[in-house]
Amino acid sequence: METTQSRLRDTLNELARERRLRQLNKTVTEPFRPMITLNGQPVLDFCNNDYLGLSHHPALIKASAEALEKYGTGTGGARLIGGTLDLHTQLETKIAQFKQTEAALVFNSGYQANVGVLSGLIHRNDVTFADRLNHASLVDGALLSRSRLVRYPHLDMVALKTALEKTDRATRKFIVTDTIFSMDGDQAPLTELFALAEQFDAWFILDEAHATGIFGNTHRSGLWETTQLGPQQRVIQIGTFSKALGSFGAYVAASQDVIDSLIQFSRSFVYSTSLPPAVIAANLAALELIQTNPTFTQQLWENIHYFHQCLADREISLPIQGPIIPLIIGETDKTLHETQRLLELGFYVQGIRPPTVPEGTSRLRITLTAKHTPQQISELVQALKLSKPV
Ligand SMILES: *Cc1c(COP(=O)(O)O)cnc(C)c1O
């Protein structure tokens, strides 16, 4: 036991030396976004994923409180053992309408959805083709499936095509990608990816965690909507309620056969207590809001454009991709130093380091929300140390 203990300590010490030790040393006490109280200090939050500011919207709070009163705090069971409330069914119907798919299924979190969908549908003799920068939960799901995992270089369609060509035609194939990459903020080329999926008869699994509620002119259902390819049998769309929708939980939208299969084989769905009614009711209210009222999404996009305009005033031009803006610094030390300097100026922008991002690409990850004011955005850009990208 003693050596086991000291080995843990050695590992932790080594992480600390490398400035990689993750710590829960920032506590929020007043989350009135975008202003928050962090460790007792009021700061502007520029790293939150509550992109539309819905986590404090009265409609969500009211729906949530009513459900809490009516149904209590917990469901007391997994979905297949008494844990399916009428609210869960209503939410799934609404998601399928939102996504224009045959069916939908609610998962307890984005992490659980990704692990459950990939491990539930992909088998040992299949091949999973995954973008190198996919979210950790997609990597974990692929590993759990025990399929052969091919991680192609970020957005590299030529490498993906080559890998697909090298795979036996009869082998089942799955192409898996974030639509908006969580740490880079850039977009996957969905039309090209789908064309490859068609050409090689592959399934196509999309993680819309950072795109749901933000992209798509009619439903604001995600980046897939912008392709105008509509529902497709081979496409499986995953997304979360925990980001732009201001709540918690996740969904999968797909054909009825895919959803029915997940109910059989997705262990993170089957073996976990269902989400509590207060959460499901907030999700229903959030979907209703963003579909009937485009102003939240419009406000977010105005802020994104304004941020880039402020950058342009400082002669920096970055491609406009979405609400996540990575400023790559490289060295971990410098990145942490920059986070600290900004905190002292009243801006909270979390630095992101390996292993969350590849070695040598530590960065500030700025997120914009509909709640930031132009003044706050311009003050942040003023405070940043910027050098022109080389
Ligand atoms: C945040 C995130 C998840 C996990 O979603 P949770 O609901 O927070 O568990 C999955 N995929 C991507 C791309 C994410 O950014």
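About the thresholds
- Residues numbered from 1 in each chain as written.
- Predicted model: local features only at pLDDT ≥ 70, side-chain atom pairs only at ≥ 80, totals over all residues.
- Heavy atoms only, no water.
- Helix = DSSP H or I, 4+ residues; strand = E, 2+ residues; numbered from the N terminus.
- Rg over C-alpha atoms; globule rule 2.2 N^0.38 Å.
- Buried < 20%, exposed > 50% of the residue type's maximum accessible area, 1.4 Å probe, protein only.
- Contact = heavy atoms within 4.5 Å.
- Areas by Shrake-Rupley, 256 points an atom, 1.4 Å probe, with all protein chains shown as cover.
- Lys, Arg positive; Asp, Glu negative; His and termini not counted.
- Charge placed at Lys NZ, Arg CZ, Asp CG, Glu CD.
- Pairing = 2+ DSSP bridges.
- Phe/Tyr/Trp six-rings, centres within 6.5 Å; stacked < 30°, edge-to-face > 60°.
- Near = heavy atom within 4 Å.
- Polar contact = N/O pair within 3.5 Å; in protein donor to acceptor, adjacent residues only side chain to side chain.
- Nonpolar A, V, L, I, M, F, W, Y, C, P; charged D, E, K, R; others polar.

Draft legend 1. Looking closely at the overall build of the protein. Looking only at helices and strands, the protein has 14 helices and 14 strands in total. Against the 2.2 N^0.38 benchmark of 21 Å for 390 residues, the protein shows a C-alpha radius of gyration of 21 Å, consistent with a compact globule. Dimensions of the protein along its principal axes, counting C-alpha atoms only, are 55 × 55 × 55 Å. Burial status across the protein gives 54% buried among its 390 residues. Across the protein, contacts joining residues at least 24 apart in sequence account for 70% of those joining residues at least 6 apart. Element-wise, carbon and sulfur atoms account for 52% of the exposed surface of the protein, whose accessible area totals about 18,300 Å². One finds the centroid of the 36 positive side-chain charges in the protein at a distance of 4 Å from the centroid of its 39 negative side-chain charges.

Draft legend 2. Representation of the sheet that holds strand β3 (residues 41-45). Strand order in the open sheet made by the four strands is β1-β2-β3-β12, with mixed pairing throughout. Both outer strands of the open sheet, β1 (28-32) and β12 (347-348), are each paired with one neighbouring strand and no more. Summarising the sheet, β1 and strand β2 (residues 35-38) pair through four bridges and their orientation is antiparallel. Residue pairing in the sheet places E30 in a bridge with T37 of β2.

Draft legend 3. Spatial organisation of the packing of aromatic side chains. According to the stated counting rule, one finds seven aromatic pairs in the structure shown. Relative to F269, the ring of F107 has its centre 5.6 Å away and its plane inclined at 55°; by these criteria the two rings are tilted. Pair noted here: F107 is in strand β4 (residues 103-107) and F269 is in helix α10 (residues 267-270), with a separation of 162 residues, a long-range link. Grouping residues by exposure puts F107 and F269 together as buried. Relative to W203, the ring of F174 lies with its centre 6.3 Å away and its plane at 10°, an arrangement referred to as stacked. Highlighted residues: F174 in strand β7 (residues 173-178) and W203 in strand β8 (residues 203-207), separated in sequence by 29 residues. For F174, a relative accessible area of 1% gives the class buried.

Draft legend 4. Inspection of the site of the ligand at higher detail. If you check the shell around the ligand, you find 14 residues, and the closest are G110, Y111, D207, H210 and K243. Within the side chain of D207, an N or O atom sits 2.5 Å from a nitrogen atom of the ligand. Contact distances for the ligand include 2.5 Å between an oxygen atom and a side-chain N or O atom of H210. When isolated, the ligand has an accessible area of 380 Å², and the protein chains bury 87% of it. Considering each element in turn, the shell around the ligand owes the most residues, three residues, to helix α4 (residues 110-121). Of the residues in the shell around the ligand, the class split is two nonpolar, nine polar and three charged.

Everything listed is a geometric property; what it means functionally is a separate question.
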